[in-house]
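# Structural overview for review
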Amino acid sequence: MKLAFSSIILFSSYVFSQNISSVNGFVRDDTSGEPISYANVFLSNSSLGAATNQDGYFVISNIPVGKYEINVTMIGYGIFKQNIELSEGKPIRLDVRLNEEIIQTTEVLVTAERQKFERSMESSQISLDIREINSAPAFIEPDVFRTLQMLPGVQTTSDFSSALYVRGSTPDQNLIMLDGIAVYNPYHLGGIFSTFNTDAIKEADFHAGGFPARYGGRMGAILNVLNREGNTRKVKGSANISLISSKGLIEGPLPSWRGMKGSWMISGRRTYFDTVIDALKIPIGQRIDGSDIYFQFPYYFYDYQVKINVDIDQDHRLTYSRFYGDDIVDFSFEETLESSGTNVNVRSETGFGVKWPWGNHTNGLTWRWIIAPDLVAKTFFSHSRYRFDFELSAQDRNTYTYTDSTIELFSDVTFRAFDIIKDNTIETALTWQAAQDHTVTGGFQVKDVNFDLGLDISIATQDTSLDFSLLSLVNNTREIAIFAQDKWDVSEKLKFQFGLRSTHYNLHNNIYFDPRLSMKYHYSKDIAFKLNWGLYHQFLTTANNQDENLRLVELWLGIPKDKPASVAQHIISGLEYMSPKNIFYRLEVYHKDFDNLLTLKQENTNTVEGAESDSTTNEFWDTKGNSHGIELLIKKSSGKLNGWVGYTYARTKYYTDPSGWHYPNFDRTHTLNIVGNIELSQDLEFSAGLTRSSGNPYTKILGRLYEWEQDLYSNMVWYPYDSYIVGEKNTERYDDYFRVDIGLTRKGGNIFGQEYDTYWQIMNLTQNLNILQYTYDTNTDPLTGDQLGVRRRPVPMFPLIFTFGIKFEF
Amino acid sequence: MGCIYPDLEWEDLESDYDHVLNVFGLINIDEDYPSYIGLYRTTNLDEASQTLSYVDTLYWCDCDNDECWECDDVQDGYWVVDSIYQPAALIKDAAVIIADDQGNNYEFSYIDKVTFIDTIYFDTTFTFYGYTFDWDTTFYDTNNIHINFYIDTTGTFIPQPETNYTLSISAPGYDIVSGSLTTPVRPELDSLSMQGRSVDTVIVNEPFDIHWTQTMGMGMVTGEVIFGNWWEDTSSSYWCGGYFDPYIIDLGDESQNSQSVFSEFCEQNLEGNETKDYFIRLTVMDDNYYEYFIVGELGEYSNALLNYPTTKGRSIGIEGGFGFFGSIASDNLQLKIRR
């Protein structure tokens, strides 16, 4: 590695010695100090230019020495201009601050969208900034996942889930990252909310497919959520109060010390249903001793994020990023009863409790080193822990006190189900502007993941103590990956990107190769054609029932020794058009093949009515699949009216032995999404979202038959029970889905000198009945008790929901 | 936050598909228990699955003198009855034939018989977990038996172990159902032991070992305390439980010819020397029975809101319909259990 570094630096030095030089630096918002992505940096009277990356960094290299005027433009900001003089071998470093400009000069026509259009090689990639995330109407509060669900290619199983089903891939095939750190179960409240607090988000970078070699280990989509860095000028804050939660953010500069400077940001939120309901003391019954039992809502979630940046010098930066988020169910019930007989006093204590925390804790440290203007290294160490730890306990203790002795009889039973994942990752990525027409990215990643999935029961009595482990699946997996890619600008019009990622997976002791290829052809300045192909291996899966529409948590497992790694092939072609008015049009066609997927085996209940379904957690059907589709996106990111229209035609089919080829439960054939946001006045914004799609598939019930269960104790008996006969899997569909949401934000309120915004939102304005699933029931004749026919009733998704909230800034 | 919840109506379902026969076919090598064939058909979603067949009149509940539960809506009293139901989709007119590998055919006949077994208890005081419950009320226990099966009424069908049998069912309007099986060997329970010593009485809450003679096939061991009369026996509350979870064993496994058993009772510490009958059974299953009842069905569809088990329809040991054709043989020990 050291040799490689030296070679690169030597090569860079060689390049600098050829009467050429370079200019590099960062572009930031002057008010907050936040880096500005996709700003346009160019030299007047030359064709040389660059766009800033997500760190706000740019480099224009191989510039003939001489005098230039450098321009930096970004919509929403004033133009930055500065004369520079480049001399041989002396690169210039510029740190540019752009001032926000409300009235935009017509000179600035280049938007971030156009920059992405012109420079991005990957198909199916979209970046959403915080304004776009906030512009979609939201359930209670803005949510990056909910906004992503409105994009073409992204589907969901229900309103209750913010999970992302992308082009036939299930949520476990997506790599969700926060500041580059993998997050395994990024949801709160069973998926209703994502764990990412939008107040802290700067932007979200989403790849629906065809992602580059830099990313690996998953075969669906990539979402990298980037947090804000924190204000470098002054301490600022905001608070947001809604009916179920409050959240706040505070940020500011680090005190300068020995030339080092930096910034920090802390944000957090917590729901407070639990405390409100506890305070209301709503009686729901009485204990045996006459005391009241109050209604409890023993659930809450919280999360907080911390980010600290330290610029050690102009070339070295350390970034610490931390995320803690948990959902917690904590419920207990205790009762004591005392009685007495002629010669004994009896004290009976019973107790019951559930402790159930689940969530993610991540810590990451990133070191960015600008080795040379055209060579930047990023190394990060991260620890991500996902914990699902359900514990149910019951205690029963009887104490018999006689005149001369005491007998204590007790039984304590504890059931524990847990899934704990510890992910330690180190990664280094080098980005090298090797030449004007070659940008090389390479690096390595070592990822150690410890999966611990288990079911334990412990029983303790006065006589004995027993501990059972019903299930224990422990995997220690290690993925060692190296990756390299070269973006080659063959000409102004034609560009290629070749990439290769190879991964050694320790449980298989095998190396998997994932080649990636991208091609982009600019037919004209405004029209581009893209082609992407790639292989994607995955080394982990989830053990969840594939048919569940409501998923509280995900149970993760490493791909076992005896199962091959899951693999997908992506083929994507797209046509993009950026209109002169900066409206972005994209038409994409994709095809994906999946193999070696694992589908959890589901076991029928073999019990009578009212029983819950039972599932195994470590037996799988080998599964293969494919998906294809056409997607259209029309997106306007700037102006008073902005938003997008997305249409998706998608078909996904999976194959398992018992079901044959079938549509998975998230498959929606046609989906139309319209998201709009309009500034009605300087302090009033209206937003709306509309989704219409085909219904999700479900399995039809055809009829009934008898099945039997046995009792082979003293009397041999076989009990018949009714069972529904189901048809072919997922061949029926629920009614079409339709939902309209609207939101209104009023800015500029002022109370006691404190500025605030208020927002109102209505979800499912038209009160459309969108069916989550059906519940079934057998009609019983009240007179004879005859069991008559079967009936069903829909379980609805979101009804009409009205919410409002207040946001303060200070 | 507020919401407007939609009105949700129940919708009656209809279905229309070609029905098939639904078979419960059991050959029991144990002479104490009959072999029989239960025969039904699948049902539509819009038709009854179970109908009232008999009403067993238990007693007149006098609202003035008796403790009656439902006197609010009646004047003097009401008849307390026990309703007996039968499957709506019974097939009664089929030709059911079992043949052995010697070429003997046995025609099974449909019988429809109800046996009323009512027992009335008056003193139902009992103690449970240290508490005395003085219900002091009349309690009727009904154990009515409704037999509607095809059985051998000639007495000539005496199934033998390790024998091939075929099943043929022909019912008007349905596909013919055929089945086959090989009956299992007759198992043999050897003895019980506690702490390595052979015993004929086991002790509550203490583990013991069940021993059997090695043979072949998959088996299941079950056990329970037997009460002469649960409600009359006031000690039964102490004895409640007494079951142990069935153990599935491979009788052909040379390394295993015993099973340690721990049966659980409601009371942890039982005093005195009272004994009860304790019943242990070893049942050997043929492949079909094992697959149907033990392996079960790994379905591909479940739904927490379905409230019913679901199936694509299993045909174990039969063709042409749903259900199974299986066989068991058993041996049992009746010994004592002591507090």
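Residues numbered from 1 in each chain as written. Chains lettered and ligands numbered in written order. Predicted model: local features only at pLDDT ≥ 70, side-chain atom pairs only at ≥ 80, totals over all residues.

### Focus on the overall build of chain B
Rules: The secondary structure listing takes helices from DSSP runs of H or I that are at least 4 residues long and strands from runs of E that are at least 2 residues long, numbered from the N terminus. Contact definition: two residues whose C-beta atoms, as placed from backbone geometry, lie within 7 Å.
Within chain B one finds two helices and 29 strands. Nonlocal contacts in chain B, meaning residues at least 24 apart in sequence, comprise 72% of its contacts between residues at least 6 apart.

### Let's talk about the overall build of chain A
Applied cut-off: Only the C-alpha atoms count toward the radius of gyration. The rule for a globule is 2.2 Å times the residue count to the power 0.38. Backbone-placed C-beta atoms define the burial measure: a residue is buried with 20 or more other C-beta atoms within 10 Å of its own, exposed with 12 or fewer, and partly exposed in between.
Broken down by element type, chain A carries five helices and 49 strands. In terms of overall dimensions, chain A is globule-like: its C-alpha atoms have a radius of gyration of 30 Å, near the 28 Å expected for 810 residues. In terms of principal-axis extent, the alpha carbons of chain A reach across some 105 × 60 × 60 Å. For chain A, the residues scored as buried account for 42% of the 810 residues in total. Here the contacts in chain A between residues at least 6 apart in sequence split such that 64% fall between residues at least 24 apart.

### Examining the domain arrangement of chain A
All names here are of chain A. As a reminder of what qualifies: By convention here, the domain bounds are inherited from an automatic or database domain assignment. Ten residues, namely Ala, Val, Leu, Ile, Met, Phe, Trp, Tyr, Cys and Pro, are considered nonpolar, four, namely Asp, Glu, Lys and Arg, are considered charged, and the remaining ones, Gly among them, are considered polar.
Here chain A is partitioned into domain 1 (2-110) and domain 2 (125-696 + 734-809). Using C-alpha coordinates to define each centre, domain 1 is positioned 36 Å away from domain 2. The interface of domain 1 with domain 2 comprises 19 residues on the first partner and 22 residues on the second. Listing elements by their share of the side of domain 1 that touches domain 2, those giving two or more residues are helix H1 (2-16), strand E1 (20-29) and strand E4 (57-64). A per-element tally of the side of domain 1 that touches domain 2 places E4 first, with four residues. Of the residues contributing to the side of domain 1 that touches domain 2, the split by class is seven nonpolar, 10 polar and two charged.

### Observations regarding the sheet that holds strand E5 (residues 66-73) of chain A
Paired through backbone hydrogen bonds, the strands of a sheet run either parallel or antiparallel to each other. Residues and elements named next belong to chain A. Where we set the bar: The rule for pairing is simple: two strands pair if DSSP sees at least two bridges between them. In this description, a line fitted to the C-alpha atoms serves as the axis of each element, helices being fitted only across the stretch in contact, and the angle between N-to-C directions of two axes falls anywhere from 0 to 180 degrees.
Pairing in this open sheet of four strands is antiparallel, and the strands run E3-E2-E5-E6 from one edge to the other. The open sheet has two edge strands, strand E3 (49-51) and strand E6 (80-86), and neither has a second partner. Sheet twist, expressed as the average angle between the axes of neighbouring strands with direction ignored, equals 20°.

### Thoughts on unusual backbone geometry
Negative phi is the rule for most residues except glycine; trans is the rule for most peptide bonds. Positive phi outside glycine occurs at A:Arg258, with the angle close to 50°. By the C-beta count within 10 Å, which is 7 here, A:Arg258 ends up exposed.

### Side note on the sheet that holds strand E15 (residues 201-207) of chain A
Residues and elements named next belong to chain A. Across the sheet, five strands lie side by side as E8-E15-E16-E11-E12; this open sheet has mixed pairing. The outermost strands of the open sheet, each flanked by one partner alone, are strand E8 (125-129) and strand E12 (181-182). Pairing analysis gives two bridges linking strand E11 (residues 175-178) to E12, with the strands arranged antiparallel. Bridge pairing links methionine 177 to alanine 182 in E12.

### Digging into the nonpolar core
Selection rule: Throughout this description, the term nonpolar core refers to a group of buried Ala, Val, Leu, Ile, Met, Phe, Trp, Tyr and Cys residues whose C-beta atoms join them within 7 Å.
Judged by nonpolar contacts, the single largest core of 65 residues is most densely connected at B:Leu21, B:Val23, B:Ile37, B:Leu39 and B:Ile169. Broken down by element, the residue count for this core peaks at six residues, all from strand E29 (residues 321-338) of chain B. In contact with B:Ile169, other than residues within four places in its own chain, are B:Leu21, B:Val23, B:Leu39, B:Ala94, B:Val96, B:Ile176 and B:Val177. A:Val225, A:Leu453, A:Ile559 and A:Leu600 belong to the second-largest nonpolar core, a separate cluster that totals 63 residues.

### Let's talk about the confidence of the model for chain B
Residue and element names in this part refer to chain B. For the record, the criterion: Known as pLDDT, the predictor's confidence for each residue is given on a scale from 0 to 100.
For chain B, mean pLDDT is 80; residues scoring 70 or higher make up 78% of the total. Segment residues 126-133 is flagged for pLDDT under 50; beyond a separation of four residues in sequence, or across chains, it makes 12 contacts in the model. Note that pLDDT drops below 50 for residues 300-307; the model gives that stretch 30 contacts with residues more than four away or on any other chain. Interface predicted TM-score (ipTM) for the complex: 0.85; the corresponding pTM is 0.82.

### Things to note about the pairing of strand E16 (residues 222-227) of chain A
Residue and element names in this part refer to chain A. With five of its six residues buried, E16 lies for the most part within the structure. Strand direction decides the pairing type here: E11 and E16, joined by four bridges, are parallel. By the bridge assignment, leucine 175 is partnered in E16 with isoleucine 222.

### Examining helix H5 (residues 273-280) of chain A
Little of H5(A) is tucked away: zero of the eight residues are buried. Looking one or two places after H5(A), you find A:Lys281, whose phi comes out positive at around 50°.

### Notes on helix H2 (residues 287-295) of chain B
Three or more residues of H2(B) are buried, namely B:Asn288, B:Tyr289, B:Tyr290, B:Tyr292 and B:Phe293. Downstream of H2(B) by a residue or two, B:Gly296 has a phi angle that is positive, lying close to 75°.

### Some remarks on the environment of A:Glu809
Residues and elements named next belong to chain A. Mapped onto the elements, glutamate 809 comes out in strand E49 (residues 800-809). Note on glutamate 809: 14 C-beta atoms within 10 Å, which makes it partly exposed. Spatially, the C-alpha atom of glutamate 809 lies 45 Å from that of glycine 534, the residues being 275 residues apart in sequence. Setting aside anything within four residues of it in sequence, one finds glutamate 809 in contact with Ser238 and Glu755.

### Topic: the confidence of the model for chain A
Residue and element names in this part refer to chain A. Summary statistics for chain A give a mean pLDDT of 86 and a share of 93% for residues scoring 70 or more. Low pLDDT, under 50, characterises residues 1-17; the stretch is placed with 10 contacts to residues that sit more than four places away or in other chains. In this model, residues 604-616 is a region of pLDDT below 50 whose contacts with residues beyond four sequence positions or in other chains number 31 contacts.

### With respect to the environment of A:Glu554
Residues and elements named next belong to chain A. Looking at the element boundaries, glutamate 554 is found in the loop between strand E32 (540-542) and strand E33 (556-558). Given 23 C-beta atoms within 10 Å, glutamate 554 falls into the buried group. Between the C-alpha atom of glutamate 554 and that of glycine 237, which follows or precedes it by 317 residues, the distance is 34 Å. Leaving out residues up to four positions away in the same chain, glutamate 554 has contacts with Asp172, Asn185, Thr542 and Asn544.

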